[in-house]
Amino acid sequence: MGQKPTVAGAQRWVWVLAAVAALCCLATVLVFAPGFLSPDSLDQLRQAQGKAPLTDWHPPVLSLVWRALIALTGSITSMLVLQSVVLWGALGVLAGCVWELTRSRGGSLAVLGVGLAPFVLNFAGVVWKDVHAAFALLAACAVAFTGLRLRDRDPRPAVRWALLGLGALFLAYAMLVRKNAFVAAIPVFVMLVLALWRAPGRRTWLTCTAALVAALVVPAAAISLFAKPLQTKQGAQIMLDDLVHVLSVNELRSADVPPALRERLVASARECERVGALSDAYWACYQRPADGLRGDSGEITSLWLREMSGHVPGYLQYRLRLFATLLFETDYVYKAGITRNDLGIKVAHPQLADMLGTYVEGMAADLRWLFRGWFWLTVALVLAVRPGRGLFAMPVRALGISSAAYILGYLPIMPATDFRYVYWPALACALGLLLLGLGRGRTAPPPAAPGATAGHALPAHQPADAGSQYDAGSR
C-alpha cells in the first residue's frame, strides 16, 4: 500500500471534491437553463405561477415548491438550480464520505463521475417528478453515509437524530412527489437507521418510523387542507388502459356504464388499435371530456373491478407485455430542450443543449443496454442478493433492493414505457456497483478516540474478514 495521506493533504482533497462538485453543478445549470420542460413540466409551471389551478394530476408539492422559489427569486430557473444543488451536493457528500472511509482519490472522483453518466445527465435538468424523487432518495443516501462515517465516533444523540430527521424529510419528499417511490424509500430508510445506529433496538425503530410517518403525513395534510388541489382522479388512467386493452370491442360495447362513457371506451379501444398505442390510452386514444377523468372515474373503477376478475389471464398477459416493453424496448431516453409553449420559454444556451443531446443520444445508440430496463433490473437483483462482504455491503444491498422494488413496482401501474421510470434504479445501481468495487477488501475503520475529528481519524486498510462489523450488519 502507498503512504497514508497527511491530515492536511486529506483535508485539501475534500476541498478539491467540493470544488469539482460545484463546477459540475454550475455546468448543469448552464446546459439545462432555464430547465428542460415537457408538457407535464409546463403544466406544473403554470400552476406554480398561478396561471392554472393547482391539481393533483401531478404532485402539488412540486408546484408549491416551485411557486415558493419563484416568489423568492423571481426566476423559473430556480427549480433547475435546486435540482442541480441537490444532485451535486448529494454526490459531493457521498464522495467525501467515500474518501474518508477508503482514502481512494480515484474512488471518490468516480462517485462524482456518476452524475456525468449519460443515463443520469440526460434528465438531470428536466423538471420532472421522477427526477425529484430520484434526487431526494440520493440525498437521503448521502445523509446515511454521513451517519455511517460518524457512527464509530459515537456522535452525540442530537447529531444522530438531526441526521435522521434530515434523511426522513428527503424520503418523505420523494414519496410526496412520486407516490410509488414508497417501495424504493423503505430500503433507503432501513439503510439510514442502520447507518446511524449499529444495533438499533425496538424503541429506536419505532421512533425512527414515527419520524418518517410524521415527515410524510404532516405536509401531505397541510397541502390538502390549505392548498386544496383539485382532485383529478388520475388513478382511473391506469384502469382505463386495462379496460381498452384487455376487453374486446364487443365486450366494451355491452359494458354496463352510461352510454356516453361506453361510446368513449369503444372509440378509445379502436383508436389504440389503429395507432398501435400499447399504453397511455388517456392521452393517445381517449376522447377526453371537459372534466377529464373526474366524471368518468367512478364508473371506470366499478367496471374495472367487475371485469378484471373475469379476465385475469388477459389482464396478466397485457401487464406482462407492457412490462416487457419497459424492460427491453425502453422509450424516451432523452428529453430534448423545452416543448413549444405559449409562455415564451426557450432554452437559454441552444448550442450547449445540442452538445448534451449529442452526448446522450450518441451513448444511447452505442451502448443501448445502459438505457434498457432489463439491464438495471439485473444489476439491482445482483446487488440485492450478492452485495459482497466489504465495507459498503449494507448500503450496496439497500440500493439494490430499492432499485429492484421500484422497477418491479411498476408492473401493475405502469402508464407508459419511458426511461424515466428506471431513472432512480439507474442512478442507484451505478452508485451501488461503484461502492461494491470500492468496498471490496476493506473493513470498517477502528473507532476513533474521544474528541477525534474527521481529519485525524484515518481509516485502516485491512483485508475483510468474516468478523467485519459492516458485514454483520448486512447479513
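Residues numbered from 1 in each chain as written. Predicted model: local features only at pLDDT ≥ 70, side-chain atom pairs only at ≥ 80, totals over all residues. Heavy atoms only, no water.

Asks: How should I be thinking about the overall build of the protein in this particular structure?
Replies: Across its full length, the protein holds 21 helices and zero strands. For 475 residues, the compact-globule formula gives about 23 Å, and the C-alpha radius of gyration of the protein, at 24 Å, lands near that figure. Judged by the C-alpha coordinates and their principal axes, the protein covers about 80 × 50 × 50 Å. When the 475 residues of the protein are sorted by exposure, 55% land in the buried category. Contacts spanning at least 24 positions in sequence make up 77% of the contacts within the protein whose residues lie at least 6 apart. Of the accessible surface of the protein, which amounts to about 20,600 Å², a share of 63% is contributed by carbon and sulfur atoms. (Helix = DSSP H or I, 4+ residues; strand = E, 2+ residues; numbered from the N terminus. Rg over C-alpha atoms; globule rule 2.2 N^0.38 Å. Buried < 20%, exposed > 50% of the residue type's maximum accessible area, 1.4 Å probe, protein only. Contact = heavy atoms within 4.5 Å. Areas by Shrake-Rupley, 256 points an atom, 1.4 Å probe, with all protein chains shown as cover.)

Asks: Looking at this structure, I do not really get the side chain of Ser84. What am I missing?
Replies: As for its placement among the helices and strands, Ser84 is situated in helix α4 (residues 78-102). The contact partners of Ser84, leaving out residues within four places of it in the chain, are Cys25, Thr28, Val29 and Gly89.

Asks: What should I look at first to understand the state of the cysteines in this one?
Replies: Here a disulfide denotes a covalent bond joining the sulfur atom of one cysteine to the sulfur atom of another. Inspection of the entire model under this criterion finds one disulfide. Sulfur-sulfur distance for the disulfide between Cys272 and Cys285 comes to 2.1 Å. Taking the sign of the torsion about the S-S bond as the criterion, the disulfide between Cys272 and Cys285, at about 115 degrees, is right-handed. On the criterion of sequence distance, the pair formed by Cys272 in helix α13 (residues 259-275) and Cys285 in the loop between α14 (281-284) and α15 (297-308) is long-range, its members being 13 residues apart. The class of Cys285 is buried, set by a relative accessible area of 6%. Cys24 provides the cysteine sulfur closest to Cys25, a residue in no disulfide bond, and the two sulfurs are 8.8 Å apart. Judged by its relative accessible area of 13%, Cys25 is buried. (Disulfide = S-S within 2.5 Å.)

Asks: Explanation requested: the confidence of the model for the protein in the structure shown.
Replies: The predicted coordinates of low-pLDDT regions are not to be read in fine detail. Per-residue confidence for the protein gives a mean pLDDT of 92, with 92% of residues at or over 70. This model gives residues 446-475 a pLDDT under 50, and the stretch forms 59 contacts once residues within four places in sequence are excluded. (pLDDT = per-residue confidence, 0-100.)

Asks: In this structure, what is going on with the environment of Gln231? I would like to understand it.
Replies: Its place among the elements puts Gln231 in the loop between α10 (202-227) and α11 (236-246). Counting along the chain gives 94 residues from Gln231 to Thr325, while the straight-line C-alpha distance between them is 31 Å. Those residues in contact with Gln231 that lie beyond four places of it in its chain are Asp56 and Arg294. Polar contacts involving the side chain of Gln231 include one to the main-chain carbonyl oxygen of Pro229, which spans 3.3 Å. (Polar contact = N/O pair within 3.5 Å; in protein donor to acceptor, adjacent residues only side chain to side chain.)

Asks: Honestly, the nonpolar core in this entry has me stumped. Any pointers?
Replies: Most often, soluble globular proteins have nonpolar side chains that are buried together. Trp66, Phe119, Trp376, Phe419 and Trp424 are the most contacted members of the largest nonpolar core, which has 162 residues in total. Per element, the largest residue contribution to this core is 16 residues, and it comes from helix α7 (residues 129-151). Setting aside residues up to four positions removed in sequence, Trp66 forms contacts with Leu37, Ser41, Gln44, Leu45, Ala48, Ile76, Ser78, Met79 and Val127. (Core = buried A, V, L, I, M, F, W, Y, C linked by side-chain atoms within 4.5 Å.)

Asks: Can you help me understand the side chain of Ser268 in this one?
Replies: Structurally, Ser268 is set in helix α13. Beyond its immediate chain neighbours, meaning those up to four positions away, Ser268 contacts Val244, Ala281, Cys285 and Tyr286.

Asks: Help me understand the environment of Trp376, please; the structure alone is not making it clear to me.
Replies: Considering the arrangement of structural elements, one finds Trp376 in helix α18 (residues 373-385). Sequence separation between Trp376 and Gly400 is 24 residues; the distance between their C-alpha atoms is 9.6 Å. In this structure the side chain of Trp376 is engaged in a polar contact, spanning 2.7 Å, whose partner is the backbone oxygen of Leu370.

Asks: I'm lost on the pattern of salt bridges in this one. Help?
Replies: Side chains that differ in sign of charge can pair as their charged atoms come close. Applying the stated criterion to the full structure yields eleven salt bridges. Its salt-bridge partner being Arg149, residue Glu100 comes within 3.2 Å of it at the nearest N-O pair. Placement of Glu100 in helix α4 and of Arg149 in helix α7 is noted, with a sequence separation of 49 residues between them. Grouping residues by exposure puts Glu100 and Arg149 together as buried. Between Glu100 and Arg153 there is a salt bridge whose closest N-O contact spans 2.1 Å. Of the two residues, Glu100 is situated in helix α4 and Arg153 in the loop between α7 and α8 (157-177); the sequence distance between them amounts to 53 residues. Exposure remark for Arg153: the relative accessible area of 22% places this residue in the partly exposed category. (Salt bridge = Lys/Arg side-chain N within 4 Å of Asp/Glu carboxyl O.)

Asks: Honestly, α7 in this entry has me stumped. Any pointers?
Replies: An α-helical segment advances 3.6 residues per turn. Residues three or four places apart therefore align on the same side. Relative to the 33 Å expected for 23 residues at 1.5 Å per residue, α7 spans 33 Å between its end C-alpha atoms, a close match to the ideal helical length. Counting buried positions along α7 yields 23 of 23 residues, so the element is predominantly enclosed. (Expected span 1.5 Å × (residues − 1).)

Asks: Sorry, what's going on with α11 here?
Replies: In terms of burial, α11 is largely enclosed, as nine of its eleven residues are buried. Within the span of α11, buried status applies to Ala236, Gln237, Ile238, Leu240, Asp241, Asp242, Leu243, Val244 and Val246. Taken together, the buried residues of α11 touch α12 (249-253), α13, α14, α15 and α16 (312-328).

Asks: Would you mind going over the packing of aromatic side chains with me for this structure?
Replies: The description of an aromatic ring pair uses the distance of the two centres, along with the angle that the planes make with each other. The full count for this structure, using the stated rule, is 21 aromatic pairs. Among the aromatic residues, those joined into a ring-pair cluster are Phe123, Trp128, Phe135, Tyr332, Phe371, Phe419 and Tyr423. Directly above the aromatic system of Trp99 lies the positively charged group of Arg103, at a separation of 4.9 Å from the ring centroid. (Phe/Tyr/Trp six-rings, centres within 6.5 Å; stacked < 30°, edge-to-face > 60°. Lys NZ or Arg CZ within 6 Å of the ring centre and 35° of its normal.)

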